[in-house]
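Descriptive structure summary
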Amino acid sequence: MQKKIVIVGAGVAGINAATKLVDNGYPGELITIIDKGNDPHNRLPEEVMTGMLGCGGWSDGKLTYHTAIGGQLAKYCGEDKAMELMDQVISNFRRFHPKPEEIFCSDPVAEPDFIKPYFGLRLFPVWHIGSNYLHEIAKAWYQYLVDKDVKFMWNSEVSSINFNNSFIEYKDDGFLYKETYDELIFAVGKSGIDFAQQLSDDYKLPTEPKSVQIGVRFEAPQKYFQKLIDISYDFKLYQKYEDVSLRSFCTNNNAAYVAVEETYGDVTYNGHAKKGEQFRNDMTNFGILMEIKGIKDPFKWSRHVVNKLQINNEGLYYSPNFTRQPGLTSEGTTVVAHPIGEDTFNSFVKKVMGGYMDYVVNFIDDMNKVFEFGDDWGMYIPEVKYLSPEPLVNYTNLALNEYPNVHFVGDALSARGITVSGAHGIYVAEYLLTNVTND
Ligand SMILES: Cc1cc2nc3c(=O)[nH]c(=O)nc-3n(C[C@H](O)[C@H](O)[C@H](O)COP(=O)(O)OP(=O)(O)OC[C@H]3O[C@@H](n4cnc5c(N)ncnc54)[C@H](O)[C@@H]3O)c2cc1C
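Residues numbered from 1 in each chain as written. Predicted model: local features only at pLDDT ≥ 70, side-chain atom pairs only at ≥ 80, totals over all residues. Heavy atoms only, no water.

Within the protein chain one finds 11 helices and 23 strands. By the compact-globule yardstick of 22 Å for 439 residues, the protein chain fits well, its C-alpha radius of gyration being 21 Å. The C-alpha extent of the protein chain, read off along each of the three principal axes, is 65 × 45 × 40 Å. The buried share of the protein chain, reckoned over its 439 residues, is 59%. Counting only contacts in the protein chain whose residues sit at least 6 apart along the sequence, the fraction spanning at least 24 positions is 73%. Counting every atom, the protein chain has about 17600 Å² of accessible surface; 48% of that belongs to carbon and sulfur. Where the 41 positive side-chain charges of the protein chain centre and where its 58 negative ones centre are 2 Å apart. (Helix = DSSP H or I, 4+ residues; strand = E, 2+ residues; numbered from the N terminus. Rg over C-alpha atoms; globule rule 2.2 N^0.38 Å. Buried < 20%, exposed > 50% of the residue type's maximum accessible area, 1.4 Å probe, protein only. Contact = heavy atoms within 4.5 Å. Areas by Shrake-Rupley, 256 points an atom, 1.4 Å probe, with all protein chains shown as cover. Lys, Arg positive; Asp, Glu negative; His and termini not counted. Charge placed at Lys NZ, Arg CZ, Asp CG, Glu CD.)

Right, dumping it as structure tokens:
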């Protein structure tokens, strides 16, 4: 019997899974990838979350290489296997890169003295690709899979999945279509978080509770942070209090741009960096994210807070220096953000954040002691990481316990990074290659 594999989501996880399959002789014509976004040639710059390579394809392309970063992986397959899977993901990015020699690795080995006693620094290697190269990688990678006869369906949003009878329904051009599968890889990423939640509710999937991480995206001229960037490109400074831990997250440098994300209809912020002197703006941006303990329903609380922190359907921008304004996106338009003054920041933002904003302010004050940027900075409010509910899966193949032919991968399995998401996809593909008969 021939097994038909359907992959929902052409993001990092789905594409790595398909690649592993065809690389090892699985017939491409038996693999269908359905995505609600565009192919890499038609994907627009503002389509940050959907289309070929998903969020990963329009991200900064920092490939982190540590099992403690980016979500659960070693828990499923063990430390050694996790590192080996991440190696495979990184080598796929190299393989389709037009200039692989330009990928550079930042590998800090010790915490520098100058950040002490205010911060700790997480130590791990990271490869940096740059968003403009990611677009080229996406095109070459797509062509490889098309040449292997993998079937792609773009602009097709999967709206329901029948786990009991193994079929999905998707919308294309306003019409509803049905597609059956033998094995399903569910890889919808962050832009599919609502859909994942809906399936979790409909099928009463047992899930592990997840914390929510919320904060701001900080932006300042790079010169102030250069001494730390020289040691660690994607530096992760951290502070810990009893109920709150904070860390800098997803640092972008040299040609660093703030990106608008839309989640649940609200504006939130992220960032990415291009490679190449022509894009240089000498700015640095990074998230300052808090993980807060003790909030009863953290997911609901964060959604409420994010929804409140909008003015005129825009997120907010605050700088203590009134001459600083929201920066330009990589496309040359102004980042959509409503500028606010100190009064609004103190009376409105701090109130909505229930006092937790003081931790962020304190983090920035401490950074100022180390990096001395004065009032030459701004922040985009809010940045948030909603994590998909993590369904309980079989550790050997990431399949739902009750539906062994449905595999959850990537951000849909509560990952939050490119290498871990891609590794999930490859892990499932390896299982399918050895366990699914195809005669
Ligand atoms: C701006 C930005 C910058 C980032 N920078 C980095 C970084 O530098 N390093 C890092 O490690 N991580 C980064 N991330 C996170 C990283 O991109 C994700 O963790 C990773 O892409 C997750 O992979 P995935 O395959 O699970 O999901 P995605 O890559 O998000 O792919 C999911 C795909 O599913 C499709 N989809 C969703 N719902 C449906 C549906 N119902 N029907 C059909 N298709 C659907 C989407 O169109 C999308 O293409 C960044 C994210 C953003 C948004």
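So much for the structure itself; the text now carries on.
The full count for this structure, using the stated rule, is 18 salt bridges. Note that glutamate 383 is salt-bridged to arginine 217, the shortest N-O span being 2.6 Å. Of the two residues, glutamate 383 is situated in strand E21 (residues 378-385) and arginine 217 in strand E13 (residues 213-221); the sequence distance between them amounts to 166 residues. Judged by its relative accessible area of 0%, glutamate 383 falls in the buried class. Overall, arginine 217 belongs to the buried group, its relative accessible area being 0%. In this structure, aspartate 366 engages lysine 369 in a salt bridge whose closest nitrogen and oxygen atoms are separated by 2.8 Å. Residue aspartate 366 and its partner lysine 369 are both found in helix H10 (residues 357-371); the two are separated by 3 residues, about one turn of the helix. (Salt bridge = Lys/Arg side-chain N within 4 Å of Asp/Glu carboxyl O.)

Spatially, E7-E2-E1-E11-E23 is the arrangement adopted by the 5 strands of the open sheet, whose pairing is parallel. Bordering the open sheet on either side are strand E7 (151-153) and strand E23 (406-408), each of which pairs with just one other strand. This sheet shows a mean twist of 15° between the axes of neighbouring strands, independent of strand direction. Strand direction decides the pairing type here: strand E1 (residues 5-8) and strand E11 (residues 183-186), joined by 4 bridges, are parallel. Following the sheet pairing, isoleucine 5 is matched in E11 by glutamate 183. (Pairing = 2+ DSSP bridges. Axes fitted to C-alpha atoms, helices over the stretch in contact; angles between N-to-C directions.)

Applying the stated criterion across every chain, the model contains 37 aromatic pairs. For the ring pair tyrosine 76 and tyrosine 395, a centre distance of 5.1 Å and an interplane angle of 90° mean the geometry is edge-to-face. Note that tyrosine 76 is positioned in helix H3 (residues 74-77) and tyrosine 395 in the loop between strand E22 (390-391) and E23, a separation of 319 residues in sequence. According to the relative accessible area criterion, tyrosine 76 is buried, its value standing at 7%. Under the relative-accessibility criterion, tyrosine 395 is labelled partly exposed at 38%. An aromatic cluster is built from Phe114, Phe218, Tyr224, Phe225, Phe235, Phe286, Tyr318, Phe345, Phe371, Phe373 and Trp377, whose rings are joined through pairwise contacts. (Phe/Tyr/Trp six-rings, centres within 6.5 Å; stacked < 30°, edge-to-face > 60°.)

Our next topic: the site of the ligand. Lining the immediate surroundings of the ligand are 39 residues, of which Ala13, Asp35, Lys62, Asp411 and Ile418 lie closest. Within the backbone of glycine 56, a nitrogen or oxygen atom sits 3.0 Å from an oxygen atom of the ligand. Protein contact buries 96% of the 1000 Å² of open area that the ligand shows by itself. Per-element tally for the shell around the ligand: the top contributor is helix H2 (residues 54-57), with 3 residues. When the residues that make up the shell around the ligand are grouped by side-chain class, the tally is 12 nonpolar, 18 polar and 9 charged. (Near = heavy atom within 4 Å. Polar contact = N/O pair within 3.5 Å; in protein donor to acceptor, adjacent residues only side chain to side chain. Nonpolar A, V, L, I, M, F, W, Y, C, P; charged D, E, K, R; others polar.)

What follows is about unusual backbone geometry. When glycine is set aside, most residues are seen to have a negative phi, and most peptide bonds are trans. At the junction of lysine 116 and proline 117, the peptide bond is cis and its omega measures out at 10° in the coordinates. Of note, proline 117 is situated in the loop between strand E4 (104-106) and strand E5 (120-121). The amide bond that connects isoleucine 381 to the next residue, proline 382, takes the cis arrangement and shows omega of 0°. Counting through the fold element by element, proline 382 comes out in strand E21. If you check the backbone angles, aspartate 149 has positive phi at about 75° while not being a glycine. Looking at the element boundaries, aspartate 149 is found in the loop between helix H5 (131-147) and E7. With relative accessibility at 46%, the residue aspartate 149 sits in the partly exposed group.

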